Amino acid sequence: MTNPAHAPDLRAASAAFVIHGRYVAGAPHGSGHINDTYAVQFDQAGVRVRYLLQRINHRIFKDVPGLMENIRRVCEHSQTRVSSGSGPADSRRSLVLVPTRDGQACHRDDTGSWWRCFLFIEGARTHDVIESPAQAREGARAFGAFQALLADLPGKRLHETIPQFHHTRRRFDVLRAAIDADPRNRAARARAEIGFALGQERIVDVLLDLQARGEIPERVTHNDTKLNNVMIDDRTGEGLCVVDLDTVMPGLALYDFGDMVRSATNAAAEDDPDPARVQARLPVFAALVEGYLATAGAFLNAAERAHLVFSGRLITYEIGIRFLTDFLEGDVYFKTRHPEHNLDRARNQFALVHSLEAQQAVMESMVQRHPLP
Ligand code: GN1
Ligand code: MG
């Protein structure tokens, strides 16, 4: 999907929320592929305060009230946890929703767009390309802690905001349908990538089969653990707060770990068009294992531990086939900046699958060396 041509009225959108003071400015923020995110600034009695304002992509998230109910519950649960702390960073350890003036978690404007607002976490940022093993360790530690937090989320099962989000077999079938239909006549340009994708079919059902046999359990997971969905403290380098909670729902812990491997180990950006620059960095992988097991190691079972390495390859492959499908379908899902953007992304991800596969044995030994909690 290409970005909408005209910028929304951020002043009007923020007026729906309980924000005091005078609107000063607003600008796009971050690099998400789905929602539109803005930082808006207010003057509150002489102090500049920022808020994070988001327009939710309701073509993709079809039940926005259900999604916001999930997010509200998760944020409240996490705030209860961090409110017991008294360290200087504690108020930045959880997302805080700003309610609308009529007490709701989100606002629907006249054009039908849905908006939500969070307190802006200052003094921290997200990183699209992980620069050091330390950053990876901190990110993985934060995601593991987030899973641990969700393990005792009170109340009913969360809504599935995108059904079968990580159902790799379904993703594979959708790809095959897109290849057959080839609605934009793009398949010829993606012959090599299509060949690679179809050639990996043997890995598609591995986790689904384990789950069906009851060997790995359903848990509440984040499901979009791109490392740029963790805020890293600018000063201390600590992983402070997990963001992008739209897909928090029932899932497998391994999908989360796999997406950390995909997004953190890559030496290149996810859309780097030159596959020669793509490589899975082993020291970053080792740091992910260390960070993740420090916070999640206590609840993972043996089958989950045994598939940590595999999960990286599977999720990289899965996101790769999603990019490829979107290229074939005419860029209807992910935001793109040029006509080959999704194809570049798919090629990049497949190069990473290749690199992960080549280094599998070393990565397995890294996991095994890690002591059980
Ligand atoms: C999307 O919104 P963002 O950019 O954090 C996508 C993820 C993909 C990711 C690939 C809801 O995440 O599943 O892994 O792009 N989110 C959704 O970069 O589809
Ligand atoms: Mg994001």
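Here, every reference points to the structure presented above.
Residues numbered from 1 in each chain as written. Chains lettered and ligands numbered in written order. Predicted model: local features only at pLDDT ≥ 70, side-chain atom pairs only at ≥ 80, totals over all residues. Heavy atoms only, no water.

Coordination of the magnesium ion (ligand 2) by the protein involves Asn229 (OD1) and Asp244 (OD), with metal-donor separations of 2.0 to 2.3 Å. In this pair, Asn229 is assigned in the loop between strand 7 (219-221) and strand 8 (230-233) and Asp244 in the loop between strand 9 (239-242) and strand 10 (249-251), connecting sequence segments 15 residues apart. Residue classification places Asn229 among the buried positions, given a relative accessible area of 5%. Residue classification places Asp244 among the partly exposed residues on the basis of a relative accessible area of 25%. (Donors = N, O, S within 2.8 Å, 3.2 Å for Na, K, Ca; no water. Helix = DSSP H or I, 4+ residues; strand = E, 2+ residues; numbered from the N terminus. Buried < 20%, exposed > 50% of the residue type's maximum accessible area, 1.4 Å probe, protein only.)

Nonpolar side chains tend toward joint burial in soluble globular proteins. If you look at the biggest cluster of nonpolar residues, it comprises 102 residues, and the most contacted ones within it are Tyr292 and Leu324. No fewer than three residues from each of domain 1 (4-122) and domain 2 (133-368) sit in this core. With residues near it in sequence (within four places) discarded, Leu324 still touches Leu175, Ala190, Glu193, Ile194, Ala197, Leu343, Ala346 and Phe350. Of all hydrophobic cores here, the second largest spans 14 residues; its members include Ala16, Ile19, Phe42 and Val98. (Core = buried A, V, L, I, M, F, W, Y, C linked by side-chain atoms within 4.5 Å. Domains from an automatic or database assignment. Contact = heavy atoms within 4.5 Å.)

A separate point is the packing of helix 10 (residues 308-329) against helix 11 (residues 341-358). Their axes nearest at 8 Å, the elements helix 10 and helix 11 cross at an angle of 160°. As summarised for this structure, helix 10 and helix 11 are arranged roughly antiparallel, according to the angle between their axes. Our pair here, helix 10 against helix 11, has a crossing hand that is left-handed. Within the contact between the two elements, helix 10 uses Gly312, Arg313, Thr316, Tyr317, Ile319, Gly320, Ile321, Phe323, Leu324, Asp326 and Phe327 and helix 11 uses Asn342, Leu343, Arg345, Ala346, Gln349, Phe350, Leu352, Val353, Leu356 and Glu357. (Axes fitted to C-alpha atoms, helices over the stretch in contact; angles between N-to-C directions. Parallel < 35°, antiparallel > 145°, perpendicular 65-115°, else oblique. Left-handed = near helix turned anticlockwise from the far one by under 90°.)

Mapping Leu245 onto the fold places it in the loop between strand 9 and strand 10. On the accessibility criterion, Leu245 (6% relative accessible area) is buried. In this structure, the C-alpha to C-alpha distance between Leu245 and Leu67, residues 178 residues apart in sequence, is 9.0 Å. Not counting chain neighbours up to four residues away, the residues in contact with Leu245 comprise Ile71, Val74, Cys75, Leu95, Phe146 and His222.

The next point concerns the site of ligand 1. Of all residues adjacent to ligand 1, which total 17 residues, the nearest are His33, Lys226, Glu270, Arg322 and Tyr333. At 2.8 Å, a backbone N or O of His33 approaches an oxygen atom of ligand 1. Within the contact set of ligand 1, an oxygen atom lies 3.1 Å away from a side-chain nitrogen or oxygen of Asp224. When isolated, ligand 1 has an accessible area of 450 Å², and the protein chains bury 97% of it. In terms of residue count, helix 10 provides more of the shell around ligand 1 than any other element does, 3 residues in total. Considered class by class, the residues forming the shell around ligand 1 number 7 nonpolar, 4 polar and 6 charged. A domain-level breakdown of the shell around ligand 1 finds at least three residues from each of domain 1 (4-122) and domain 2 (133-368). (Near = heavy atom within 4 Å. Polar contact = N/O pair within 3.5 Å; in protein donor to acceptor, adjacent residues only side chain to side chain. Areas by Shrake-Rupley, 256 points an atom, 1.4 Å probe, with all protein chains shown as cover. Nonpolar A, V, L, I, M, F, W, Y, C, P; charged D, E, K, R; others polar.)

A rise of 1.5 Å per residue sets the reference length of helix 4 (residues 168-181), with its 14 residues, at 20 Å; its end C-alpha atoms lie 20 Å apart and thus fit the reference within 8%. Within helix 4, burial applies to Thr168, Arg169, Arg171, Phe172, Leu175, Ala178 and Ile179. On the buried face of helix 4, the contacting elements are helix 5 (191-199), helix 6 (206-212) and helix 10. Just beyond helix 4, the residue with positive phi is Asp182, at close to 40°. (Expected span 1.5 Å × (residues − 1).)

A word on the packing of helix 5 against helix 11. In a packed pair of helices, the relevant descriptors are the angle between the two axes and the axis-to-axis distance. Where helix 5 meets helix 11, the axes come as close as 10 Å, and the angle between the chain directions of the two elements is 45°. What the angle tells us is that helix 5 and helix 11 run oblique. In the crossing of helix 5 with helix 11, the sense of the turn from one axis to the other is left-handed. Along its contact with helix 5, which presents Glu193, Phe196 and Ala197, the element helix 11 presents Leu343, Arg347, Phe350 and Val353. For the contact of helix 5 with helix 11, the class distribution of residues is 5 nonpolar, no polar and 2 charged.

As a further point, take the pairing of strand 5 (residues 114-119). Where burial is concerned, most of strand 5 is hidden: 5 out of the 6 residues are buried. With 6 bridges connecting them, strand 3 (residues 47-56) and strand 5 associate as antiparallel partners. Paired with Arg55 across the bridge in strand 5 is Trp115. Across 2 bridges, strand 4 (residues 107-108) lies against strand 5 in antiparallel orientation. Bridging across to strand 5, His107 finds its partner in Trp115. Between strand 4 and strand 5, which pair antiparallel in sequence order, lie 5 residues; one of them, Gly112, sits at a positive phi of approximately 95°. (Pairing = 2+ DSSP bridges.)

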